[in-house]
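Working through the structure, step by step
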Amino acid sequence: MSCGDPHDTECGEVLDHLYEFLDNEMNEGDCVKLRVHFEECSPCLEKYGLEQAIKALIKRSCGCDDTPADLRGKVLARIDAIRSGQRSRAAEATVTE
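Model, not experiment: these values are computed from the prediction.

Focus on the packing of helix α3 (residues 28-40) against helix α4 (residues 42-62)
- Running from N to C, α3 and α4 point in directions that differ by 115 degrees, and their axes come no closer than 6 Å. Viewed along their axes, α3 and α4 adopt a mutual orientation that is roughly perpendicular. Handedness of the α3/α4 crossing: left-handed. Each of H37, F38 and E40 in α3 lies in contact with α4, whose residues at this interface are S42, C44, L45 and Y48.

See the structure below:
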């Protein structure tokens, strides 16, 4: 996903850290980088808005139930595994080009 314009922070990096941004789990410097990117890149801003809306819907639907710690750990581990796989495939595609 990209608007085709060059950015200081690449779209892939922004999207890799989108949930950290949405969950306020990033340091302020990284948050600023993402905010600047969203101002410059409408496709990423649209993705941010969609994910923000989904997150709000889930919050309303699930109420105040606490997430079991082991479930949270499993989900985060799976997200990391998926991200690692995507990066590996992207690196392989770059090498073959």
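From this point, things continue past the structure.
A word on unusual backbone geometry
- A positive phi angle, close to 55 degrees, is found at N24, a residue other than glycine.
- Within the secondary structure layout, N24 lies in the loop between α2 (18-22) and α3.

Side note on the nonpolar core
- Grouped together as the largest cluster of nonpolar side chains are 12 residues: C11, V14, L18, F21, L22, M26, C31, L34, F38, C41, C44 and Y48.
- Of all elements in the fold, only α1 (11-16), α2, α3 and α4 reach the threshold of two or more residues within this core.
- Excluding anything up to four places from it in sequence, L34 contacts V14, H17, F21 and M26.

Cut-off values and rules
Residues numbered from 1 in each chain as written. Predicted model: local features only at pLDDT ≥ 70, side-chain atom pairs only at ≥ 80, totals over all residues. Heavy atoms only, no water. Axes fitted to C-alpha atoms, helices over the stretch in contact; angles between N-to-C directions. Helix = DSSP H or I, 4+ residues; strand = E, 2+ residues; numbered from the N terminus. Parallel < 35°, antiparallel > 145°, perpendicular 65-115°, else oblique. Left-handed = near helix turned anticlockwise from the far one by under 90°. Contact = heavy atoms within 4.5 Å. Core = buried A, V, L, I, M, F, W, Y, C linked by side-chain atoms within 4.5 Å. Buried < 20%, exposed > 50% of the residue type's maximum accessible area, 1.4 Å probe, protein only.

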